[in-house]
Amino acid sequence: MDKIEKELRREFQLERMILFSDAVFAIAITLLVIEIKIPHIVSDINDKLLLTELAHLIPKFIGFIFSFFIIGIYWTVHHKLFSYLINYDNKLIWLNILFLFSIAVMPFTTALYSEFYQPNLHIPFMVYTINICLTGFCIYMLVKHLAYSRNNLSIGFTDKKLIGAATARSWMMP
């Protein structure tokens, strides 16, 4: 395999990883809204009854809105971070998969928290918080690997201030 073929293959593999990541983000955001079900009313329907049933969905809508923007923020962070990539290694692939796992589980943790939100219940809040913390930790690990890998994975991601800002941002959400 000549040099040009190797370069094209490497670029194709990077593109596959980025497209797969984008697909996971898109599916996670879609699953967030699927968790909000249309009220099922079997008796005589009227506006007051429908509004009452819709009011019960407010916690789910709030959870959807928060998680939608949290996933969106993490997508932008991922997008910016991966814009520096020029190569990949197995560790990067697995760190990215772990990060995507934390994104993919967010619809479940959001639904759990939204469904069972009560001041006296701590488990739903803890599960959701652990999910957010795992996501932040995964971004932190991706930043560190890109910044300090000896495999020349990135270009332009060497400035200490940029790395420091990316590291700080990885912990801002949690």
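Residues numbered from 1 in each chain as written. Predicted model: local features only at pLDDT ≥ 70, side-chain atom pairs only at ≥ 80, totals over all residues. Heavy atoms only, no water.

### Re the pattern of salt bridges
Any two side chains of opposite charge can pair, on the condition that their charged atoms come close. What the rule picks out here adds up to 2 salt bridges. The salt bridge partner of Glu115 is Lys60, with a shortest N-O separation of 2.7 Å. You can see Glu115 sitting in helix H5 (residues 106-115) and its partner Lys60 sitting in helix H3 (residues 58-82), a full 55 residues away along the chain. (Salt bridge = Lys/Arg side-chain N within 4 Å of Asp/Glu carboxyl O. Helix = DSSP H or I, 4+ residues; strand = E, 2+ residues; numbered from the N terminus.)

### What about a nonpolar patch on the surface?
Together, Ile27, Leu31, Val33 and Ile34 give the surface a local cluster of nonpolar side chains, amounting to about 320 Å² of exposed area. With respect to the helices, strands and loops of the structure, Ile27 is situated in helix H1 (residues 3-34). (Patch = residues over 30% accessible without salt bridge, like charges linked within 9 Å, V, L, I, M, F, W, Y side chains within 5 Å. Areas by Shrake-Rupley, 256 points an atom, 1.4 Å probe, with all protein chains shown as cover.)

### Considering H3
When the terminal C-alpha atoms of H3 are compared, their 36 Å separation across 25 residues agrees well with the 36 Å that a helix rising 1.5 Å per residue should span. Where H3 is buried, its residues touch H1, helix H4 (90-104), H5 and helix H6 (123-148). (Expected span 1.5 Å × (residues − 1). Contact = heavy atoms within 4.5 Å.)

### What to know about the side chain of Ser102
One can find Ser102 in helix H4. Contact partners of Ser102, with chain neighbours within four places excluded, come to Asn131, Leu134 and Thr135.

### Here we look at the side chain of Arg10
If you trace the backbone, Arg10 turns up in helix H1. Arg10 sits in the buried class, given a relative accessible area of 18%. Residues in contact with Arg10, not counting those within four places in the same chain, are Ile86, Asn87 and Tyr88. (Buried < 20%, exposed > 50% of the residue type's maximum accessible area, 1.4 Å probe, protein only.)

### Notes on the confidence of the model for the protein
Regions with low pLDDT should not have their predicted coordinates read in detail. Here the protein averages 92 in pLDDT, and 99% of its residues register 70 or above. Confidence, expressed as mean pLDDT per element, reaches its minimum in the protein at helix H7 (residues 160-172) with 88 and its maximum at H4 with 97. (pLDDT = per-residue confidence, 0-100.)

### Side note on the packing of H1 against H3
At their nearest, the axes of H1 and H3 sit 9 Å apart, and the two run at 175° to each other. Here H3 runs roughly antiparallel to H1, going by the angle between their axes. Together, Met17, Ile18, Ser21, Asp22, Phe25, Ala28, Ile29, Leu32 and Val33 of H1 and Phe64, Ser67, Phe68, Ile71, Tyr74, Trp75, His78 and Phe82 of H3 make up the contact between the two elements. In terms of residue class, the contact of H1 with H3 is made up of 13 nonpolar, 3 polar and 1 charged. (Axes fitted to C-alpha atoms, helices over the stretch in contact; angles between N-to-C directions. Parallel < 35°, antiparallel > 145°, perpendicular 65-115°, else oblique. Nonpolar A, V, L, I, M, F, W, Y, C, P; charged D, E, K, R; others polar.)

### Description of the packing of aromatic side chains
The final tally for this structure, using the stated rule, is 11 aromatic pairs. Here Phe137 and Trp171 contribute two aromatic rings whose centre-to-centre distance is 6.3 Å and whose plane-to-plane angle is 50°, an arrangement assigned as tilted. Taken together, the residues Phe137 in helix H6 and Trp171 in helix H7 connect sequence positions 34 residues apart. Arranged with centres 5.3 Å apart and planes meeting at 45°, the rings of Tyr140 and Trp171 form a pair that is tilted. Of this pair, Tyr140 sits in helix H6 while Trp171 sits in helix H7, and the two are 31 residues apart along the sequence. Under the relative-accessibility criterion, Tyr140 is labelled partly exposed at 23%. Relative accessible area serves as the criterion here: at 39%, Trp171 is assigned to the partly exposed category. (Phe/Tyr/Trp six-rings, centres within 6.5 Å; stacked < 30°, edge-to-face > 60°.)

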